[in-house]
Amino acid sequence: PLSDAPLASPAPAWFDERRGAVAARIGEPTLPSTDEEVWRYSRVADIDLSRWTPAVEPAPAVPAPVVELLESLPTAVATVVVHNGYVVFAEVAPSWSARGVYAGRLVEGPDGEAALGAVAGDGPDVFAAMNDAAAPDPVLVSVPAGITLDAPVVVVDWVDADGAAVWPRLVVRVGENAEAKVLDWHGWADVAALVARVVELGVARAARLGYTNVQVRGPRVWQIASQLSRVDADATLTSAQAGLGGDYARARTDCHLVGRGATGNLEAAYFGESSQTLDFRTFQQHAAP
C-alpha cells in the first residue's frame, strides 16, 4: 500500500500526515487506459503495479558512478544527489548559502510544508498522485528574491534498485526578480524499475528560471514523469528536456502562465533505438490575459 512506503528518517509529523491523507484519498489506484486521449498510443496497459516494491533507504553515500559524473559536470552553486528516491548528499557553496540559497531535503528547507504541492497539488494523473503519497524524501531548491546565480544548481537522480518502485520529487522555487539555472540529471544502472517522478517549478514575478532535464535511465526502466510549472507576471521559464534512456519513458509537461506577460519556452530532444518508447505530452495554459 502507498501508506506503507518508507519514509526518510527523521521526517516531521506534517509530512507523514500529508502522505497518509493522500494515500487514503487515492485508495487502491486505478490506472488510466489508452481510451483516454492523453494516454493514447502509450504503453500504460503494460504497467502492473504489483510487480514493484518500494525502494528502501540506501546507505548515506554517493554511488561511485555519480562521483565520476559530478566530476565531468560544470562547477555548481549547489549539488544534490538523490539515490533511489532518497537524498544522500546536499551541498550549497557557503557564499550562496549565506544569501539564503537552499538545495537539499525539502523537510529541512525554508517553508518546506508550504512549498510541497504548491504548484502540483495531487498532480495531473494517478502516477503524480501516487508520488504525492509515497515520495519519501523530496528535494527543494529555493532561490530568494533578487538573487542571480552565476552557476547552475545540479541535481542528480540516480536509480539502481532492481525490482523497485521509486518516487523522486523535486520542487524548485525562484523568488521575485531572481534568476537561476537547474540541471536535473536522471542517471541509471541496468536494473528493472518503475520510476514515477514529479517536478514542480515555481517562478515568481519577473523571475527567470532555466530548467534542463537529461533523462538517461537504464534500458529496463519504466519512467512516468510529470513536470508542472507556475509562471507569474513578467517571469520567464525556459524548460529543456533530453530523452535518451528508458524502456518506456513518458514526460508530461504542464506549463501554467498565470500572470500577464509570463513566458514559457518548452524545448525537447530525444533519441531512441530498438523498441524504446519516448513519450512527450505538453499542456500550456494561458491563464492570464
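First things first, this report covers the structure right here in the doc. All values reported here derive from a predicted model rather than from experimental measurement.

### Focus: helix α1 (residues 13-26)
Now for step 1: Its 14 residues place the ends of α1 20 Å apart at the C-alpha level, agreeing with the 20 Å of an ideal helix rising 1.5 Å per residue.
Now for step 2: Burial in α1 covers these residues: W14, F15, R19, V22 and A23. Seen along its axis, α1 keeps its buried residues to an arc of 165°; they face one direction. With respect to the buried face of α1, the exposed residues turned more than 90 degrees away are A13, E17, A24 and R25.
Now for step 3: Two residues or fewer after α1 comes G27, characterised by a positive phi angle close to 65°.

### Here's the deal with the sheet that holds strand β3 (residues 86-92)
Now for step 1: Strand order across the open sheet formed by seven strands is β3-β2-β6-β9-β11-β13-β15, with mixed pairing between neighbours. Of all strands in the sheet, those with a lone pairing partner are β3 and β15 (263-270), marking the two edges. The mean inter-strand angle of the sheet, taken between neighbouring strand axes irrespective of direction, is 10°.
Now for step 2: Packed on one face of the sheet, helix α2 (residues 64-72) meets β2 (78-83), β6 (153-159) and β9 (179-188) and runs near 155° to β6.

### Things to note about the side chain of R217
Now for step 1: Within the secondary structure layout, R217 lies in the loop between β11 (208-215) and β12 (221-231).
Now for step 2: You can call R217 buried: its relative accessible area is 3%.
Now for step 3: Once residues within four sequence positions are removed from consideration, R217 is found in contact with D157, W158, V159, H186, G187, W188, V195, R197, Q223, G245 and G246.

### Details of the packing of aromatic side chains
Now for step 1: Going through the model one piece at a time under the given rule, you end up with four aromatic pairs.
Now for step 2: Judged by centre distance (5.7 Å) and plane angle (50°), the rings of W39 and F127 are tilted. One end of the pair, W39, is in the loop between α1 and β1 (53-54); the other, F127, is in helix α5 (residues 126-134), and 88 residues separate them in sequence. Each member of the pair, W39 together with F127, is buried.
Now for step 3: The ring centre of W39 lies 3.6 Å from the NZ or CZ of R250, which sits over that ring.
Now for step 4: The ring of F283 has R252 sitting right over it, with the charged end atom 4.0 Å from the ring centre.

So, how was this worked out
- Residues numbered from 1 in each chain as written.
- Predicted model: local features only at pLDDT ≥ 70, side-chain atom pairs only at ≥ 80, totals over all residues.
- Heavy atoms only, no water.
- Helix = DSSP H or I, 4+ residues; strand = E, 2+ residues; numbered from the N terminus.
- Expected span 1.5 Å × (residues − 1).
- Buried < 20%, exposed > 50% of the residue type's maximum accessible area, 1.4 Å probe, protein only.
- Arc of directions from axis to C-beta.
- Pairing = 2+ DSSP bridges.
- Axes fitted to C-alpha atoms, helices over the stretch in contact; angles between N-to-C directions.
- Contact = heavy atoms within 4.5 Å.
- Phe/Tyr/Trp six-rings, centres within 6.5 Å; stacked < 30°, edge-to-face > 60°.
- Lys NZ or Arg CZ within 6 Å of the ring centre and 35° of its normal.

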